[in-house]
Each structure stands twice: as C-alpha cells, then as structure tokens.
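A structural walkthrough
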Amino acid sequence: MRKGQWKVIALFIAPAFVMYGVFMVYPYIRAFYIGLTDWHGVSTRMSFVGLKNFSTMLHDPYFWNALKNTVFFTVTNGTIVPIIALFFAVAMSRGLVWGSRFFRITYFFPNLISVVAIAVLWSFVLNPDFGILSNFLRLLGVDNPPPWLGSVKTAPWCIVAVKVWAAVGFYMILYLSALEGIPTDLYDAAKIDGASEWKTFWHVTFPLLGEIMKVTVVFLLLNGFGTFAVVKIMTDGGPNRSTETLATYLYDNAFKFGKFGYATAIAIALFLITFTLALLSIRLQRRETVQY
Amino acid sequence: MAALYITSIVYKGRGGMGKLDERTMEGAFFQGGYGMEWLYDAGREFERAHPGYKAYIWGNPRVWDQTRTRFLAGNPPDVFWGIHNINIWVNLQEGLVAPLDSLMEAPAYGQEHIKFKDTFLPGALDRGRYEGHQYFLPITFAVLGLWYNVNMFEEHGWKPPKTWEEFLELCDEIKATGIAPLVHQGRYPSYYGIIFRALLYKIGGYRLLIDLDNLVPGAWERPEVVRAARMCRELVDRGYVLEGSSAFTHTEAQMVWLQGKAAMVPCGTWLENEMKEAIPPGFRMRIMPLPAVPGGKGSAEAIEASAGADLWVPAQAKHKELGMEFLRILLSKKMAQNFVRKVGDLMPIKGATEGVEIPEALQSALDAVKAAKGETFYMRFMDWYEEMQDGVNNALAALLYEGIPPEEFARRIEKIAQRIREDPTIVKYHRELPERWRT
C-alpha cells in the first residue's frame, strides 16, 4: 500500500460506514434500551421499567405459542428443504434426468418473485371456493376438500409447503455449484469399484458437501426463525394463533397493540435465540474440512 | 458526503411540506371504500368559506403507518383519521389527541342557530367521549346485522325470521335448495362477532353488554355468554355455514354471497360500498337483525348500530383551530347530504338524508333502526382493549373451526379479561347503562 493511500480508502468507506452506523448499529444498540422501557411508539415518552418486559414474556402463553410455531416452521423447513434440494441437485448434476436445464430454471424461479407476491399467489391457489387446488381435488372426486388456510390442522402445513416451494430452488443451486466442484475422477473411481448410484452418493458426494451443508444449516435457521411475510399475508397468524410466529407476534405487539417496549423485548429474545443457535450449529459442525 | 445526504433529507422534507404555510390546513385520512371525493369536497367547501385559506387533503390506506414518525417528531397533520394498525385510545393516553370541547359548543356550519354538538344523532358522540371531554368524532353511523339476497328470498318466498325457531327453519329450507344459508369472513372472525354480539344482547339485554364491556369479574363466564356461544356453534353444526368459510377473507366471502352461493352474510352498512365493483346488475340486498331467542331479554327488532370514533385533531398540530374548523364543515348537514349522495352511506348527522335519494341497502338499515324503536346496541371492549378484541376473535375461531366447548370458549375470554383487570399498566375504561335503559 502506498503512503497516504489509506486516506483515500477511508474517504470512500466513510459514507457507507456512517450510514451503516446510523441505520444499523445504532438502532440495534438502541433496541436493547427500548426493550427495557414501556414505550408505546406513538410519542417520545418512555419510562424505564427494567426487566419487566422480559418477565411478562416468560409468563405470556402467546409468546410460547409463537415460539413453538416458529420452531415448528424452522425444523420442518430445515429438514424438508435440504432433502428435496439435494435430491434435485444430485439428479441434475449426475445427469439422471433429461432436460435438467429446464428444471434448474423452473425450480429457481420462485426466487425471482417477491415473497409478498408468492404469498398472495398461494392464497389464491389455496382458496377453498375458487382456488385451483380445491377445484382440482373436486375434479378428482374429493367431496369436501379441507379449508386449507382456514383450519388449525392444515394451515401450518400450508405455510410449510409454501416456504419449501419458495426456498428449494435457491438451495438446489447452492448444492449444484458445490457438486460441480467435486472432481469427476472420484466418481470414475467409484464406478470402477462397482459402486451403485446410492453408494456413490453416501460415500462420495455427501461427505464432500460438508462445507455447503454448514452454510445452509445457518441459512435455514435464520430463514426459519425470521418467518414473517408468508404468514402475515396468508393467515395473519390464524386461525386461532396456529401459525403465529415470533416475528408476526412482535409485529402485532408493536404496531397493533402499541407495545413497542414489549415487542422489542421479544425481538431481543428472538435475536438471542437465533444467534445462539447459529453459533452452536457452526461449532457442532466444526471438523476437518475434506481436501480435494 | 454526509453533509450532502443530510441536506438532501432536509430538502426532501421541505419539498413534501412545501404546500404548507400558516394559512394551510393539512388533513390526512384513511383511504378506503369511501374513496377521497367526499373529503376533497369538504376541502373545497372549507376554502370557499374561508377565502385565503387552503385545505391540503391527502389519503392513504396506511396513513397511520405513514405519519407515525411525524407524530413522534411533533409535526402531525391538523386533522386525522386512521384505521389500519391505529389504537386511538393508546394515542389518547399518550397525549396525542386534542379535546374538541370548544368545537362542540360552536355554532353548526350552515345552521348557525344551533350548536355543533346538537346536530348529531342521539348517542352518536358517546364513543368518542372520555372523562367528560369529546376527543373523537364519528364519520358514519353503521348498522350491523345479517344481509340477505332479496331476489333469492322473494323467489323462494322466504321471510326474515322473528324467532330463533323460525331462523333455524328458514336455514333448513335454504339448505334444502342446495344453497348455503350463511357464509362468513372466516379469516377475520370479528365478522362472526356480529352474530355473537347480537345473540349476547338478545339473550342478556343491555345490562349484560355493559358488564362485559366493563370486564366485571366473571361476566364473560356467565351462562348467557355460554349460551350465545353455543348458538353460534349450532349454526355450524347444523351445516348452515358454507364449507370453507373459515378461510375466506372479507371480500371473498362477500363475493361468494353476491354470486348466490350463500343466502346471508354478517356485515355492516359499508357492505354495498365495499363491494360496489362486484355487485351483479339487479342484485338487491337488505339487512335484518338477528332474531329473538326464547326467554331472552332483547326483542326481535333490536339491532347493533353505532357511530364510530374516527376523526380527531392531533394535540401538537400547528393549526388546531383550522383542523377543528374543517371538522365543523365536514360534519355539517350540507356535507353529510353530499356524503350520502357520493358514498351511499350515512353520517350520524340529523337531516343527512333530507332530499337525497337513498339506495335500497342503506334504506333497509334505516328501516331496521326505525323498527328497533330505540333498541339499538353496541359494545366497546373491542376498541378499548386490542387484546380483548384479539382474544374474542381467536376464541371465536377456536369455537367455530376447532369445536371447543362453549364453556371453554367463555373461560378463555374471561381469562384474558382477568389478565387485563390485573395489569396496572393497561388503562381501564368504563361505561354506564345508556339512560333509556335505566328503568
């Protein structure tokens, strides 16, 4: 680095740094304070209430219900998405299907649409009166298709289905690119040894995907715990709170009930849970990276 | 660079406010089914009445979310109406709302011989009053009940029922023709709440509603509440409610009803306006009250009707007097008649319907109120306590879609009521039995 060059670098970085500080770092720090107040979010008046919001939270059945639902979405999404995405990715990269380029684009397509549009679209599909799903089932002779988003039994699974549909393409592409990094001679060797496709997957492909798996687990954790838009639009947490997540519950507390202090406390809890889990998952997966 | 950002922000702010000066009144309003035209009209009337002054009127469906930061910064508009996400009672407690006492005593616009406060329909100002002061003014007088498809009813010779027995018989007859007797806006259980609240009144009379609103200990667990819940559930169990209703949004359910797939739908007088674009030619709608129930205290004609708590003047507004003056004009007899003409809905102002052609739907609501002979009722827990509203809605969803026992339904709500009673941070409200019931 030439002498004095750091000044130029600092000059270019400074605006972004200031913006980041003002719009990201400061609000995050500020949030920890707001979580200790009774702020209503409509005037500047706020009084310090200590840890009261947190003790309220521990005794709030709706908080636990929202946490339970959030964990449900994270776990289901986090297991179903990698399995399907990996299956598609392997099928395509190993040339097991014809027209893989077409499928690659099709499966990735949901990522090009905004989540809001996806949620609205699926609300139409799942409408019990004019939705294509129910009408298709009627065509097949099903008399009373369930009301999908209108029943506590089906609504959570509908949310899972939409989340999976929206996410699979992205993870498929991640896995595909990782798969393409695996040297073909390993496969040739497996072939010479007479390994079946299944054996090849378990003993060659899967172990070599370790790095990308680590990344996707963290992604899926963040994605699952942040579940908001799909739920907000498709069910608004209903029926009877069966799909309410921490993110929608804290939104309602802040913007509907005027309890910004309490909502911020929930947000802090959400942050701590996600952060801890992400750290844990990285730590648990820490092992020798396979070199090839 | 930073300086550039800051100046651009400042100038952007100025640009937006450029139209505002000392002689401009700014009004920000919820933009919804009523459109904006009636507000612009009132703005023009304001400018005519006060030459040299300007009315800057704007609207948005999310007006409260948009202006919240301005309220925080102490720079709110001069008159305000928000619906989405707003909790006006929190705002009142936080000191955001100016009392309108001087406006109430002012002479009415266009009828200077009477006071502004005396131009409202009886009881219309109740909801906006708190501790003896008027803070909020109503826009509409809403009547809530069951809307029926008039052509369908006439074709089959069906009549609005007077008793619960007749109602069940009617539903059986409708069901026999392959049409669903009822559809409801299941995504938002509050619409089924119209049926629930009416049953509460018909069973327990006004005293019960008052106790429920006041969260009297144990009130929400009384046998009357359990009975109302059981009757709500009965309609579902007998197969009178269209399958899939639980998943419908309000417009979807109302659409299904307009298509003739169901005969009745619970809603308020805004229904016709909300569905304006979708009403098939020749479709006729009328409202009816829920029927009387055996041994109940309310008559068959009694119907839910109330004027809202909508319009207010922000306490920190630059031109509070101009904001109030705009309200005086907006809620004048002249503008109320214009409202009926343009929007087809009713302002709670005396003489609002004089010389105006009333659409059949609205007329049926006026007829229903007349037939009730003063026996109109409404509840307030929903606007006082968001959590109570939320809790009742969720309990209704559990009752109707999951089939929890009515006793459990009542227990769940009482538990929420208890939580609110015991939470010192929640401001408690109280209402008295309206005078004409105190006998």
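Above: the structure in question.
What this report covers is the structure whose coordinates are included nearby. Quick caveat: nothing in here was measured; it's all calculated off a predicted structure.

A word on the overall build of chain A
Looking only at helices and strands, chain A features 13 helices and zero strands. Counting from the amino terminus, chain A carries its helices and strands in the arrangement α-α-α-α-α-α-α-α-α-α-α-α-α. Counting only C-alpha atoms, chain A reaches 80 × 75 × 35 Å along its principal axes. When the 292 residues of chain A are sorted by exposure, 43% land in the buried category. Within chain A, counting contacts between residues at least 6 apart in sequence, those at least 24 apart form 66% of the total.

Remarks on a nonpolar patch on the surface
Together, V18(A), M19(A), Y20(A), V22(A), F23(A), M24(A), V25(A), Y28(A) and I29(A) make up a nonpolar patch on the protein surface, roughly 860 Å² of accessible area in all. If you trace the backbone, V25(A) turns up in helix α1 (residues 5-34).

A closer look at the sheet that holds strand β1 (residues 24-30) of chain B
Residues and elements named next belong to chain B. Taken together, the three strands give an open sheet; going across it, the order is β2-β1-β3, and neighbouring strands pair in parallel fashion. The open sheet has two edge strands, β2 (54-60) and β3 (79-81), and neither has a second partner. The average angle at which neighbouring strand axes cross in this sheet is 10 degrees, direction not considered. This element, helix α2 (residues 37-49), spans β1, β2 and β3 of the sheet and lies at about 170 degrees to β2. Running over the sheet, helix α12 (residues 320-330) touches β1, β2 and β3 and is turned about 60 degrees from β1.

Observations regarding the side chain of D345(B)
Residues and elements named next belong to chain B. Mapped onto the elements, D345 comes out in the loop between α13 (333-343) and α14 (360-371). With no salt bridge to any partner, buried D345 finds its closest opposite charge in K276, at an N-O distance of 10 Å. A distance of 2.7 Å separates a polar atom in the side chain of D345 from a polar atom in the side chain of Y34. Not counting residues up to four positions away in its chain, the partners in contact with D345 are Y34, T140, F141, T269, W270, N273, F339, V340 and L362.

Details of empty space enclosed by the protein
Tallied over the full model, the rule gives two cavities of 30 Å³ or more. Roughly 40 Å³ of volume is contained in the largest cavity. In terms of lining, the largest cavity is formed by H40(A), V42(A), A254(A), F255(A), K256(A), G258(A), W64(B), R68(B), N85(B), N87(B), V90(B) and N91(B). Within the residue set of the lining of the largest cavity, elements represented by two or more residues are α12 (246-256) of chain A together with α3 (63-72) and α4 (88-93) of chain B. Broken down by element, the residue count for the lining of the largest cavity peaks at three residues, all from α12(A).

So, the nonpolar core
Residues and elements named next belong to chain B. Of all hydrophobic cores here, the largest spans 161 residues; its most connected members are L137, W220 and M264. Residue contributions to this core peak at 13 residues, all from helix α8 (residues 192-213). Composition of this core by domain shows at least three residues from each of domain 1 (2-138 + 309-349) and domain 2 (142-306 + 377-430). Those residues in contact with L137, other than ones at most four positions away along the chain, are L100, L103, M104, F116, F120, L125, G308, A309, D310, L311, L327 and L331.

Looking at the interface of chain B and chain A
Counting residues at the interface gives 35 residues for chain B and 36 residues for chain A. Of the roughly 3000 Å² buried between chain B and chain A, counting both surfaces, carbon and sulfur atoms make up 52%. For the interface between chain B and chain A, the tally reads five salt bridges. For the salt bridge of E94(B) with R45(A), the shortest nitrogen-to-oxygen distance reads 2.9 Å.

Thoughts on the packing of helix α8 (residues 184-192) of chain A against helix α9 (residues 197-208) of chain A
Residues and elements named next belong to chain A. Relative orientation of the contacting elements α8 and α9 amounts to 165 degrees, with a least axis distance of 10 Å. It follows from the interaxial angle that α8 and α9 lie roughly antiparallel. Crossing geometry of α8 relative to α9 is assigned as right-handed. Between α8 and α9, the contacting residues are L186, Y187 and A190 on the first element and T200, V204, T205 and L208 on the second.

Points about unusual backbone geometry
Between G238(A) and P239(A) the backbone carries a cis peptide bond, its omega angle lying at -15 degrees. Tracing the backbone through its elements, the reader meets P239(A) in the loop between α11 (229-234) and α12. Positive phi, normally seen in glycine, also occurs at W148(A), with a value near 45 degrees. Along the polypeptide, W148(A) turns up in the loop between α6 (132-139) and α7 (155-180). Backbone geometry places L215(B), a non-glycine residue, at a positive phi of 55 degrees. Relative to the assigned elements, L215(B) resides in the loop between α8 and α9 (223-237).

Here's the deal with the environment of A278(A)
All names here are of chain A. Summarising the element assignment, A278 is placed in helix α13 (residues 260-284). For the pair formed by A278 and I34, sequence separation is 244 residues and the distance between their alpha carbons is 25 Å. Those residues within four positions of A278 in sequence are excluded, and the remaining contacts are V218 and L221.

Brief notes about the pairing of strand β8 (residues 141-149) of chain B
Residue and element names in this part refer to chain B. For β8, the buried fraction is high: nine of the nine residues fall into the buried class. Here β8 runs beside strand β12 (residues 303-307); their pairing, made up of four bridges, is antiparallel. Bridge pairing in β12 links F141 to A307. Pairing geometry for β8 and strand β10 (residues 262-268), over five bridges, is antiparallel. Considered in β10, the bridge of Y148 is made with M264.

Focus on the layout of surface pockets
There is about 940 Å³ of room inside the second largest pocket. Lining the second largest pocket are 39 residues, with K259(A), E387(B), D423(B), T425(B) and I426(B) positioned closest to its centre. A per-element tally of the lining of the second largest pocket places helix α2 (residues 52-58) of chain A first, with four residues. Partitioned by chemical class, the residues of the lining of the second largest pocket number 15 nonpolar, 12 polar and 12 charged. Taken domain by domain, the makeup of the lining of the second largest pocket includes at least three residues from each of domain 1 (2-138 + 309-349) and domain 2 (142-306 + 377-430) of chain B.

Basis of the calculations
- Residues numbered from 1 in each chain as written.
- Chains lettered and ligands numbered in written order.
- Predicted model: local features only at pLDDT ≥ 70, side-chain atom pairs only at ≥ 80, totals over all residues.
- Heavy atoms only, no water.
- Helix = DSSP H or I, 4+ residues; strand = E, 2+ residues; numbered from the N terminus.
- Buried < 20%, exposed > 50% of the residue type's maximum accessible area, 1.4 Å probe, protein only.
- Contact = heavy atoms within 4.5 Å.
- Patch = residues over 30% accessible without salt bridge, like charges linked within 9 Å, V, L, I, M, F, W, Y side chains within 5 Å.
- Areas by Shrake-Rupley, 256 points an atom, 1.4 Å probe, with all protein chains shown as cover.
- Salt bridge = Lys/Arg side-chain N within 4 Å of Asp/Glu carboxyl O.
- Pairing = 2+ DSSP bridges.
- Axes fitted to C-alpha atoms, helices over the stretch in contact; angles between N-to-C directions.
- Lys, Arg positive; Asp, Glu negative; His and termini not counted.
- Polar contact = N/O pair within 3.5 Å; in protein donor to acceptor, adjacent residues only side chain to side chain.
- 1 Å grid on protein atoms, 1.4 Å probe; cavity = no way out; pocket = protein on both sides within 12 Å on 5 of 7 lines; lining within 4 Å.
- Points joined across faces, edges and corners; volume = space filled by probe spheres on them.
- Core = buried A, V, L, I, M, F, W, Y, C linked by side-chain atoms within 4.5 Å.
- Domains from an automatic or database assignment.
- Buried area = accessible area lost by both parts, 1.4 Å probe.
- Parallel < 35°, antiparallel > 145°, perpendicular 65-115°, else oblique.
- Left-handed = near helix turned anticlockwise from the far one by under 90°.
- Nonpolar A, V, L, I, M, F, W, Y, C, P; charged D, E, K, R; others polar.

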